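Residues per chain, in single letters:
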Amino acid sequence: MRALALALLLVASVARADPEGDADRAFRDASQRAAAGEAGAVDAFEAIGGARPLTRWSDDAWVEAARLAERGGDFARARRDLEQALAIGRDPALVRRAKAARDRLAAITGAGRWDAVAREHERLVAELQSHGDPRPALDALAALVARESGYPRATIARLAIARGWEVEGEPARALDVLRIAVRSAPDADRGVAGLALARTAIRYGELAEARATLDALAARPGADLPAIGDVRALLAKAERRAHARIAMWLVLAVIALAAGVVLRRDAGSWRAVARRLARPPGEVVFLLPVGLVLVAVAQTGNPLIATALVAIVVSGIAVSWLSGALLDARRARAGRLSTRRTIAHAVLAIVTVGCATYLAVDRDRMIDLVVETWKHGPVAR
């Protein structure tokens, strides 16, 4: 009878022992705590990983603990947790991920030498991504990488600094930071830094520097020729647009000079020209309030679009003003406008407005937004 009772007690004890189920529940609980941002989530994952017997969650728990430790800036703890995962890992895919994470951490922190610098780096990057003024963080990050010679992530930090200054509307500072990044980058990072410099130089019209940078990158052993080719394509497009801008400025200059000569001839004197230009034609009286409304509405939206629209409206009013003065002076002199003169006048006005519009939307690469909108339609919000 006693033997039967002991046997039943043993069966009940075995039935209650369910390591896999307990680990599954514990892992889900730790994951919820991590999602909620609780500080003890790392401890919970480490407890799951360290529990015995091992379960299918043990190695996963060490990897999750390492991820949270790295996110919190505790790189030494993250490295230890990854080593634990590798020591007990049974899933080949998880082992590969853990090795890759361990190697990445070693590259970032120099196996512990750069832990404090990397922690400060991450803190400053988080400040850059906040909604406050990023300038103090940009200056602090620049001082950090300048002070810590040999920091493995200095190039990555400088790329972030350059992007920050570009967003702040200071492309000259962004380019200066990228030039330093290219000069000081180790061989493994020089290609990334050079491509970033070339792209930024293209965006701000420094086309000669972009071409020289790409040529230097292409001459290096092991150069990433496909990536360089992609940036060369951007450079070629930018050069075509630069040539188009020069051509359009020349067209506008020729038309303005011709308009001045014709207006002087028809008005009879420069004093008469001044009197005609001082009095706004009817076209301008009509366009001016419409243009002011468009400009006012544009100010409530995208600043780039507002700037382009202001330039277009001002150009349209200026063309209408000069056009009206030319037509009035011609009528006063000849008594009427010939069909040929009217058609030529209209064509030149359209060409002038077209050139001015292109120059307005090509500024700050607004033309790319126009092309995307033309191809794919406006974005619904």
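About the criteria used
- Residues numbered from 1 in each chain as written.
- Predicted model: local features only at pLDDT ≥ 70, side-chain atom pairs only at ≥ 80, totals over all residues.
- Heavy atoms only, no water.
- Salt bridge = Lys/Arg side-chain N within 4 Å of Asp/Glu carboxyl O.
- Helix = DSSP H or I, 4+ residues; strand = E, 2+ residues; numbered from the N terminus.
- Buried < 20%, exposed > 50% of the residue type's maximum accessible area, 1.4 Å probe, protein only.
- Polar contact = N/O pair within 3.5 Å; in protein donor to acceptor, adjacent residues only side chain to side chain.
- Contact = heavy atoms within 4.5 Å.
- Expected span 1.5 Å × (residues − 1).
- Arc of directions from axis to C-beta.
- Core = buried A, V, L, I, M, F, W, Y, C linked by side-chain atoms within 4.5 Å.

Participant: Just checking my understanding: could you explain the pattern of salt bridges for this structure?
Facilitator: Counted under the stated rule, the structure contains 33 salt bridges. With a closest N to O distance of 2.7 Å, Arg67 and Glu64 form a salt bridge. Residue Arg67 and its partner Glu64 are both found in helix α4 (residues 58-71); the two are separated by three residues, about one turn of the helix. For Arg67, a relative accessible area of 35% corresponds to the partly exposed category. Here Glu64 falls in the partly exposed class, since its relative accessible area comes to 23%. The salt bridge partner of Asp266 is Arg330, with a shortest N-O separation of 3.6 Å. On the criterion of sequence distance, the pair formed by Asp266 in helix α13 (residues 225-267) and Arg330 in helix α16 (residues 303-334) is long-range, its members being 64 residues apart. A single salt-bridge network, built from bridges that share partners, covers Arg135, Asp139, Glu168, Glu170 and Arg173.

Participant: In this structure, what is going on with the side chain of Glu46? I would like to understand it.
Facilitator: Counting through the fold element by element, Glu46 comes out in helix α3 (residues 41-50). According to the relative accessible area criterion, Glu46 is buried, its value standing at 17%. In terms of polar contacts, Glu46 uses its side chain to reach the side chain of Arg77, at 2.8 Å. Contacts of Glu46, omitting those with residues within four sequence positions, involve Trp62, Ala65, Arg77 and Asp81.

Participant: Quick question: what am I supposed to make of the side chain of Arg158 here?
Facilitator: The residue Arg158 is located in helix α9 (residues 154-167) in this model. Ignoring sequence-local partners within four residues, the contact set of Arg158 consists of Val145, Ala146, Val177, Ile180, Ala181 and Ser184.

Participant: When you look at helix α8 (residues 135-147) in this model, what are you seeing that I'm missing?
Facilitator: Along an α-helix, a turn takes 3.6 residues, which lines up residues three or four apart on a common side. Between its first and last C-alpha, α8 extends 18 Å over 13 residues, near the 18 Å set by a 1.5 Å rise per residue. Of the positions making up α8, those classed as buried are Ala137, Leu138, Leu141, Leu144 and Val145. Considered in projection along α8, the buried side chains sweep an arc of 125° and stay on one side of the axis. The exposed set on the far side of α8, more than 90 degrees from its buried face, consists of Pro136, Ala146 and Arg147.

Participant: What should I look at first to understand the nonpolar core in this one?
Facilitator: Nonpolar side chains tend to gather and get buried jointly when the protein is soluble and globular. By size, the foremost hydrophobic cluster in this structure holds 56 residues, and its most contacted members are Tyr151, Ile161, Leu195 and Leu214. Take this core: its biggest share by element is seven residues, from helix α11 (residues 187-203). Ignoring any residue separated from it by four or fewer positions in sequence, one finds Ile161 in contact with Leu138, Leu141, Ala142, Val145 and Val177. One finds Ala23, Trp57, Ala65 and Leu68 within the second-largest nonpolar core, a separate group that totals 13 residues.

Take it as geometry only, folks, not as evidence of what the structure does.
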